[in-house]
Amino acid sequence: MSTGERGPQGQDDTAPKMAATDSPSVAAVAVAESPAPGVMSLEMPPSSRGFWVLTWQQFRKRRDAYFALYVLGLLFLVALTAPLLANRLPWYIHSPAGMSFPLIREFISPLSHLDRFYNCVLMTLVVGLAFYFIVPRIVVRVERADAVSFSGTWYRPLLGLFVIFFVASLFLGGKNDETDYRALADVPGNSVLFTVVPWGSLELETSTNSNGPDKRHLFGSDTDGHDVLARLIHGSRISLAVGFLAIGLAVSIGILFGSLAGYFGGWVDIIASRIIEIFICFPSFFLILTIIAIVPQRSIFWVMFAIGLTGWMGIARLIRGEVLKVRQLEYIAAARALGVSDSRIIFRHILPNALAPVLVAATFGVAGAILSETGLGFLGLGVEPPTPSWGELLNQARQDPVRLWWLMLYPGFMIFLSVTLMNLVGEGLRDAMDPKLRK
């Protein structure tokens, strides 16, 4: 058809071309408003949102679980900042001889490896948050808004920073500062700033022995003369560490056995299932008592190991069933056809889609591990005294529960609070991950 001819509807064919040439902005707006068929729009529909985003939205609908998560975060914050909240060492002391910071020195290089772990975690989080909030603002003012971008590998620099802090703390070592700073605070001309609770978890006071709450000790003192509030704050480190690290060990062992049994099947499944059945025949608590009884010296690490070694069987059976279901899907067959190795298929394609129910089971397992640790402490088989522990305080209250009521009330409340919070969070996750309950 020539340029001067008309189209089937009696219009000149050059009209659209002239319009597109004369008004490119109008055409661009039209294309932006009406994307061509087959072209994906930049705005993703609600159905394409990630699984964990949908899970978080459903979790927030459970007000009790959402509130429990924040209270549990507050409890973690207390555990991380325990030496900054309750310590016999002051923040600083200013005297005519100069100024020193005993608490900061002890925080950087503590005596206990568990305290070193918590302190390095806190320092890593502080530096990471400072980098996340401060650095982008500085770069935006100097350069442009897209100069800084945080990718999905944010945990790698944080992990490297934690390792640097931990190794540096090991090289610095720990030193027990036995200076009596309360006596120095009474000296004229000295200025001393103590923590909120000016008592250490291992500090003995000879002038009092198992007294009830008073102005000097808000939560009273135990039978050895330790401040109960300081031991409760530092004991949160023990309970939360045992709960999460022990279940972390149990989840690791369970994932290993369950994924191998579910993916390979055959004789591998038979052997793994028989091992699981052998371990599951023994009552967990009595198996923990056996392990604690045969170790050369009781410590927090042996307690973690014992609880983790006896709590992996249910997780292994759960992950085995999920792997058996997922390995039958089409994308796994496609991965095998492309020649992907078995280890990559298991850890990169199957496990990420099979860990949702394991996360729920692990949440309930943390509560069970905390109860196991406090039960061992109550029986006198937990961590070695004078290490602060909620169960060890309950063990002291067993001598005379009526007279030593504060040794039963406050540790019992902390155990009840932590276990209840973990159970509420677990129930919220279970309901959020169930498609039948989504609205």
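Residues numbered from 1 in each chain as written. Predicted model: local features only at pLDDT ≥ 70, side-chain atom pairs only at ≥ 80, totals over all residues. Heavy atoms only, no water.

Draft legend 1. Inspection of the packing of helix H10 (residues 228-264) against helix H11 (residues 266-280) at higher detail. Closest axis-to-axis distance for the H10/H11 pair is 7 Å, and the angle between their directions is 145 degrees. In terms of crossing hand, the pair formed by H10 and H11 is left-handed. Residues Phe-257, Leu-260, Ala-261 and Phe-264 of H10 form the contact with H11, whose own contacting residues are Gly-266, Val-268, Asp-269, Ala-272 and Ile-275. By residue class, the composition of the contact of H10 with H11 is 7 nonpolar, 1 polar and 1 charged. (Axes fitted to C-alpha atoms, helices over the stretch in contact; angles between N-to-C directions. Helix = DSSP H or I, 4+ residues; strand = E, 2+ residues; numbered from the N terminus. Left-handed = near helix turned anticlockwise from the far one by under 90°. Contact = heavy atoms within 4.5 Å. Nonpolar A, V, L, I, M, F, W, Y, C, P; charged D, E, K, R; others polar.)

Draft legend 2. Representation of the sheet that holds strand E3 (residues 191-193) in the model. Read from one edge of the open sheet, 3 strands run E2-E1-E3, paired in antiparallel fashion. The sheet terminates laterally at strand E2 (98-100) and E3, the two strands that pair on one side only. Strand after strand, the sheet turns through a mean of 5 degrees between neighbouring axes, direction not considered. Bridging between strand E1 (residues 92-95) and E3 involves 3 bridges; their strand directions are antiparallel. If you follow Tyr-92 over to E3, its bridge partner there is Leu-193. (Pairing = 2+ DSSP bridges.)

Draft legend 3. Region of interest: the confidence of the model for the protein chain. The predicted model of the protein chain averages 81 in pLDDT, with 82% of residues at 70 or higher. Segment residues 1-48: pLDDT under 50, and 10 contacts once partners within four positions in sequence are set aside and those in other chains are kept. (pLDDT = per-residue confidence, 0-100.)

Draft legend 4. Representation of the environment of Leu-351 in the model. For Leu-351, the position within the fold is in the loop between helix H16 (342-350) and helix H17 (356-378). For Leu-351 and Arg-327, which are 24 residues apart along the polypeptide, the C-alpha to C-alpha distance reads 9.9 Å. Leaving out residues up to four positions away in the same chain, Leu-351 has contacts with Ile-255, Ser-259, Ile-319 and Ile-346.

Draft legend 5. Highlighting the pattern of salt bridges. Across all of its chains, the model carries 14 salt bridges by this definition. Asp-431 is the salt-bridge partner of Arg-62, the closest N and O atoms lying 2.2 Å from each other. Taken together, the residues span a long stretch of sequence, with Arg-62 in the loop between helix H3 (51-61) and helix H4 (63-80) and Asp-431 in helix H19 (residues 405-432) at a distance of 369 residues. Accessibility expressed as a relative area gives 21% for Arg-62, which makes it partly exposed. (Salt bridge = Lys/Arg side-chain N within 4 Å of Asp/Glu carboxyl O. Buried < 20%, exposed > 50% of the residue type's maximum accessible area, 1.4 Å probe, protein only.)

Draft legend 6. Just unusual backbone geometry, in detail. Of the consecutive residues Pro-385 and Pro-386, the connecting peptide bond is found in the cis state with omega at 10 degrees. Within the fold, Pro-386 resides in the loop between H17 and helix H18 (390-397).

Draft legend 7. Representation of the side chain of Glu-373 in the model. Note that Glu-373 resides in helix H17. An unpaired buried charge is present at Glu-373: no salt bridge exists, and Arg-298, the closest side chain of opposite charge, is 9.9 Å distant. (Lys, Arg positive; Asp, Glu negative; His and termini not counted.)

Draft legend 8. Geometry of the packing of aromatic side chains. According to the stated counting rule, one finds 14 aromatic pairs in the structure shown. Ring plane angle 80 degrees and centroid distance 5.7 Å describe the contact between Phe-117 and Phe-162, whose orientation is recorded as edge-to-face. With Phe-117 in helix H7 (residues 113-142) and Phe-162 in helix H8 (residues 155-172), this residue pair connects regions lying 45 residues apart in the sequence. Residue class for Phe-162 comes out buried when judged on its relative accessible area of 17%. Measuring from ring centre to ring centre gives 6.4 Å for Trp-405 and Tyr-410, while their planes differ by 50 degrees; the resulting arrangement is tilted. Taking the relative accessible area as the measure of exposure, Trp-405 reaches 38% and is therefore partly exposed. Here the aromatic residues Trp-56, Phe-59, Tyr-66 and Tyr-70 are joined through ring pairs into a cluster of three or more. The aromatic ring of Phe-194 is capped on one face by Arg-182, whose charged end is 5.8 Å from the ring centroid. Stacked on the ring of Trp-199, the Lys or Arg Arg-182 has its end atom at 4.0 Å from the ring centre. (Phe/Tyr/Trp six-rings, centres within 6.5 Å; stacked < 30°, edge-to-face > 60°. Lys NZ or Arg CZ within 6 Å of the ring centre and 35° of its normal.)

Draft legend 9. Main features of the pairing of E1. Of the two faces of E1, only the one carrying Ile-93 and Ser-95 is buried; Tyr-92 and His-94 on the other face are not. Pairing geometry for E1 and E2, over 3 bridges, is antiparallel. Counterpart to His-94 in the pairing with E2 is Met-99. Linking E1 to E2, which pair antiparallel, is a turn of 2 residues.

Draft legend 10. View of H17. Counted at 1.5 Å a residue, the expected span for H17 with its 23 residues is 33 Å, and the 34 Å between its end C-alpha atoms agrees. Two residues or fewer past H17, Gly-380 is found with a positive phi of approximately 80 degrees. (Expected span 1.5 Å × (residues − 1).)

Draft legend 11. Region of interest: H8. Over its 18 residues, H8 runs 26 Å from end to end, which matches the ideal 26 Å to within 8%, given 1.5 Å per residue. At the exit of H8 stands Gly-173, carrying a positive phi of roughly 75 degrees.

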